[in-house]
Amino acid sequence: MNYKDYLERELKTAFGCTEPIAIAYTAAKAKEVLGHEPDRIQADLSANIIKNAHSVYVPGTQGRKGIDISLAAGALLGQSAHELEVLAHIDQTRLEDCDRFIQQGRIQVQLKENVANLYIQVTAYYQDSYARVLVVDEHTNIARIEKDGEVLYQKNQSIQEEVQVDFSFDKIYDYAQTADLKDFQDLLDREISYNYAIAQEGIQNPWGSGIGRLILERHPQDLREKIVAYTAAGSDARMSGAENPVVINSGSGNQGISVSVPLIVYAKEKNLDREDLQRGLLFANLLGLYQKKNIGKLSAYCGVVSAASSAICGLAFLKGEDRQVIKETLANALAVNGGILCDGAKASCAMKIASSLRNAFLAYDQAKAGQSFKAQDGIVKDDIDQTLEVVGNIARYGMKKTDEVILNEVLGNRDYLKEFE
């Protein structure tokens with residue numbers, strides 16, 4: 001798959017945190033296959049889906065949060081044709097029906113072990129009939145549809161087989177330098193409009209823990225801190241249920257915000273040409289997708305580290321820095337902040353974004369000063385592509401047990417400690 005097609009596939013518009021929205025989407029599809037509003041619902045979910053949907057507010061639901069409301073709202077009020085905007089235009093007068101559905105014990109949620117990190121299976125029942133929909137690997141990738149024992153749809157090709165992308169730092173750098181921006185204008189203009197709007201929402205109104213507003217209040221004249229503040233504020237708003245659409249990156253709104261808002265704020269402050277901003281965003285988005293292609297959509301490795309490091313590399317690209325400086329910026333940033341824990345989508349994501357951006361700015365200064373980390377300094381390798389491969393291996397394989405422990409602690413389950421006794 002070429003870069004243009006991959007960007008169009010990945011930079012989707014999403015209304016709300018993508019994990020609860022993916023749950024709602026799957027539930028809506030199951031209801032439609034069933035042909036009737038369900039009597040009850042069973043959801044079998046991977047650990048990472050539970051972790052990321054457990055504590056986050058769900059937009060369109062007037063301040064409700066969590067897995068149950070995602071399932072109920074999706075099944076009773078959603079339309080799957082809207083995909084990741086499935087809850088954008090629901091009839092909110094029926095939210096009390098969703099509350100009753102939950103209170104009456106009609107929803108059962110189970111952890112599904114030994115499956116893909118992104119795994120959502122929803123079974124909707126009505127009297128003696130049922131419909132089952134399975135989503136795997138990507139938030140709207142339906143792998144199987146079944147009704148009353150009959151398989152209606154079966155996808156035989158995995159996402160890995162379906163989506164082959166030839167990534168390397170140098171190829172991304174060269175592509176972003178020369179690509180025809182006409183191919184991306186609508187997509188990137190949407191990213192600029194939507195992602196800056198939610199950042200403004202987070203600055204103007206008290207969402208979440210107000211990390212972005214706090215930073216801006218403390219450093220109103222510092223451009224770097226303004227960049228950090230606006231980006232964190234976008235997450236403040238998104239994690240707390242603001243009804244703003246966001247253009248995502250690597251399946252995540254927080255990553256979409258983190259990879260784009262720094263460049264958007266910088267370009268506005270410096271009155272840069274729209275085309276210059278678009279070319280910087282093209283580079284930053286592709287670099288973020290490259291990093292997450294190695295890591296995987298969901299893991300114990302906080303995705304905003306990848307996105308924030310990509311954003312500051314994009315800023316360096318926008319300023320015309322030499323490619324070696326940008327490579328070293330990325331390696332420096334990942335050598336320090338790589339491995340920040342993902343303990344689910346919630347208010348603290350905004351502070352992780354702030355930390356990752358500040359670290360990436362320091363990594364950029366370090367590269368500019370000729371003081372970058374050398375090969376064999378920890379995970380840093382001779383070549384940036386090798387470094388990214390190492391980071392991917394650590395996140396995908398090394399942090400797998402970490403992910404299990406995080407989920408158990410988030411859910412208050414200490415039984416897992418017995419295996420260490």
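Higher on the page you've got the structure.
Each residue is numbered by its place in its chain's sequence as written, counting from 1. Since the coordinates come from a predicted model, pLDDT governs what is reported: local features require at least 70, and pairs of side-chain atoms require 80 or more to be given and counted, while whole-chain, interface and lining totals use all residues. Side-chain measures were taken over the full set of non-hydrogen atoms in the model, leaving aside hydrogen atoms and water.

(A) Representation of helix α17 (residues 400-410) in the model. If you check which residues of α17 are buried, you get Asp-403, Ile-406, Leu-407 and Asn-408. On its buried face, α17 sits against α3 (47-53) and β3 (107-111). Buried means the residue's accessible area, taken with a 1.4 Å probe over protein chains only, is under 20% of the maximum for its type, while exposed means over 50%, and partly exposed covers the values in between. What counts as a helix is a DSSP run of H or I of at least four residues, what counts as a strand is a run of E of at least two, and both are numbered from the N terminus. In what follows, a contact means two residues having at least one pair of non-hydrogen atoms within 4.5 Å.

(B) Structural view of the nonpolar core. In this structure, Phe-167 and Phe-283 are the most contacted members of the largest nonpolar core, which totals 88 residues. If you tally residues by element for this core, the top one is helix α13 (residues 303-318), at 11 residues. With residues near it in sequence (within four places) discarded, Phe-167 still touches Tyr-3, Tyr-6, Ile-172, Leu-286, Leu-289, Tyr-290 and Lys-293. Counting residues in hydrophobic clusters, the runner-up holds 48 residues, among them Ala-30, Ala-43, Leu-95 and Ile-145. To define a nonpolar core, start from buried Ala, Val, Leu, Ile, Met, Phe, Trp, Tyr and Cys residues and group those joined through side-chain atoms within 4.5 Å.

(C) Geometry of the packing of helix α12 (residues 274-295) against helix α16 (residues 384-398). Here the axes come from fitting lines to C-alpha atoms, over the contacting stretch only for helices, and the angles between their N-to-C directions go from 0 to 180 degrees. Put simply, α12 and α16 touch, their axes get as near as 7 Å, and they point 45° apart. The orientation of α12 with respect to α16, classified from their angle, is oblique. Classified by chirality, the crossing of α16 by α12 is right-handed. Between α12 and α16, the residues in contact are Tyr-290, Gln-291, Lys-293, Asn-294 and Ile-295 and Asp-385, Leu-388, Glu-389, Val-391, Gly-392, Ala-395 and Arg-396, respectively. For the contact of α12 with α16, the per-class residue count stands at five nonpolar, three polar and four charged. For classification purposes, an angle smaller than 35 degrees is called roughly parallel, one larger than 145 roughly antiparallel, one from 65 to 115 roughly perpendicular, and anything else oblique. Handedness of each helix crossing follows the sense of rotation of the near helix against the far helix: counterclockwise by less than a right angle gives left-handed, clockwise gives right-handed. In the scheme used here, Gly and all other residues not listed as nonpolar or charged are polar, with Ala, Val, Leu, Ile, Met, Phe, Trp, Tyr, Cys and Pro taken as nonpolar and Asp, Glu, Lys and Arg as charged.

(D) View of the packing of helix α1 (residues 3-10) against α12. The contact between α1 and α12 brings their axes to 11 Å, and the two run at 80°. Judged on the interaxial angle alone, α12 and α1 are roughly perpendicular. Contacts between α1 and α12 involve Tyr-3, Tyr-6, Leu-7 and Glu-10 on the former and, on the latter, Leu-282, Asn-285, Leu-286, Leu-289 and Lys-293.

(E) Examining the pairing of strand β6 (residues 142-147) more closely. Two strands pair under a simple rule: DSSP has to find at least two bridges between them. For strand β5 (residues 129-136) and β6, the ladder comprises five bridges, and the chain directions are antiparallel. In the strand pairing of β6, Val-133 is matched with Ile-145. The turn linking β5 back onto β6 is made up of five residues, and Asp-137 within it adopts a positive phi angle of 75°. Examined bridge by bridge, β6 and strand β7 (residues 150-154) share four bridges and lie antiparallel to one another. Within β7, the position partnered with Lys-147 by the bridge is Glu-150. Once β6 ends, the chain turns through two residues before running back antiparallel as β7, passing Asp-148 with a positive phi of about 50°.

(F) Spotlight on the packing of aromatic side chains. Only centres within 6.5 Å qualify two rings of Phe, Tyr or Trp (six-membered ring in Trp) as a pair; their planes then separate them into stacked at under 30 degrees, edge-to-face at over 60, and tilted for everything else. Here the structure, examined in full by the defined rule, presents 12 aromatic pairs. Ring geometry for Phe-169 versus Phe-283: centroids 5.9 Å apart, planes at 85°, classification edge-to-face. Note that Phe-169 is positioned in helix α7 (residues 169-178) and Phe-283 in helix α12, a separation of 114 residues in sequence. Residue classification places Phe-169 among the buried residues on the basis of a relative accessible area of 0%. Overall, Phe-283 belongs to the buried group, its relative accessible area being 0%.

(G) A look at the sheet that holds β7. One open sheet holds the six strands; their spatial order is β3-β2-β4-β5-β6-β7, and the pairing between them is mixed. On the outer flanks of this sheet lie β3 and β7, each paired with one strand and no other. Shown here is a sheet whose adjacent strand axes are inclined to one another by a mean of 15°, direction ignored. Here strand β2 (residues 40-45) runs beside β3; their pairing, made up of five bridges, is parallel. Of the residues in β3, the one forming a bridge with Gln-42 is Gln-108. Helix α4 (residues 67-77) rests against β2, β3 and β4 (119-126) of the sheet, and its axis sits at about 125° to β3.

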